[in-house]
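# Understanding the architecture of this molecule
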Amino acid sequence: FKTMPFNSNSAAGTVVYTDGAYNTGLVLPANQTVTNSATLVEVPELTFAIGKYERVLVRYSIFYTTTADGDLKYRLEIPASPTAYRCLSSANPPAATALVTALITAEADATATAASGTDGHLTLNALVNNGANRGEVQFQFAQNSATAAESVVILAGSSVEYMRF
């Protein structure tokens, strides 16, 4: 017999059931490409809604291809004014420069740079304790430097898992 774990969210006045596993997820079904643009774009297939005062743990697994000229710029976009936000990133192969390895505690751009012709993997682990603004949690990306001849590609199979608590 297994007990059912429930978490009380006093800010939202709710109780959330969780079995302690990442049971909800999304997978990118086809590559998404950015060429000649440093403007962040959403990956809609890796976006999910978050209500006001909801709390989620999030794990993104992003496979990408980029070059030294274009690089990869990314952001985890969340609703404004969360009560708590923490995001830790890591890349493989390790970024040549500028990967944010410190804990991100406020929404901000972060850049992973890679050597020419690099295939890579980016991991984001985040805690979002949302405030009074409902919205979405989005993975956004672009080239760090707009480069017409080169692209940054987020590969099919990239995914997000999340758990409300």
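That block above? That's the structure.
Residues numbered from 1 in each chain as written. Predicted model: local features only at pLDDT ≥ 70, side-chain atom pairs only at ≥ 80, totals over all residues. Heavy atoms only, no water.

## Considering the pairing of strand β14 (residues 159-164)
Selection rule: Here the rule is simple: two strands pair whenever DSSP picks up at least two bridges between them. The helix count covers DSSP runs of H or I at least four residues long, the strand count covers runs of E at least two residues long, and both are numbered beginning at the N terminus.
The pairing of strand β3 (residues 24-27) with β14 spans four bridges and is antiparallel. Bridge pairing in β14 places G25 opposite E161. One ladder, built from six bridges, connects strand β7 (residues 55-66) with β14; its direction is antiparallel. Each bridged residue has a counterpart across the sheet, and for S61 the counterpart in β14 is S159.

## A look at the packing of aromatic side chains
Any two aromatic rings considered together are summarised by their centre-to-centre distance and by the angle between their planes. The following threshold applies: For Phe, Tyr and Trp, where Trp contributes only its six-membered ring, two rings pair if their centres lie within 6.5 Å, and the inter-plane angle classes them as stacked under 30 degrees, edge-to-face over 60, or tilted in between. The cut-offs for exposure are 20% and 50% of the maximum accessible area for each residue type, with area from a 1.4 Å probe on protein chains only; residues under the lower value are buried, those over the upper are exposed, and the others partly exposed. Counted as over-ring charges are cases with an Arg CZ or a Lys NZ within 6 Å of the ring centre that also lie within 35 degrees of the ring normal.
All told, the structure shown has four aromatic pairs when counted by the stated rule. When the centroid spacing of 6.5 Å and the interplanar angle of 15° are considered together, the rings of Y74 and F139 count as stacked. Within this pair, whereas Y74 is found in strand β8 (residues 72-77), its partner F139 is found in strand β12 (residues 135-142), the two being separated by 65 residues in sequence. Neither residue differs from the other here; Y74 and F139 are each classed as buried. A ring pair is formed by F139 and F141, whose centres lie 6.5 Å apart and whose planes are at 15°; its orientation type is stacked. For F139, a relative accessible area of 0% puts it in the buried group. Taken together, the aromatic side chains of Y60, Y74, F139 and F141 make up a single cluster linked through ring pairs. Stacked on the ring of Y22, the Lys or Arg R59 has its end atom at 3.7 Å from the ring centre.

## Notes on empty space enclosed by the protein
We apply this condition: Residues are said to line a cavity or pocket when one of their atoms sits within 4 Å of a point; the points come from a 1 Å grid over protein atoms alone, cavities being sets where a 1.4 Å probe fits but cannot get out and pockets being open sets with protein on both sides within 12 Å along at least five of seven lines. Grid points are joined across faces, edges and corners, and a volume is the space filled by probe spheres set on the points.
Following the criterion strictly, the structure yields one cavity of 30 Å³ or more and no others. Reported here for the largest cavity is a volume of approximately 50 Å³. As for the largest cavity, its lining consists of 11 residues, and the residues nearest its centre are R75, L76, Y85, I104 and A108. At the level of elements, β8 and β9 (84-92) are the ones that each hand at least two residues to the lining of the largest cavity.

As far as function goes, none of this settles anything; it's purely spatial.
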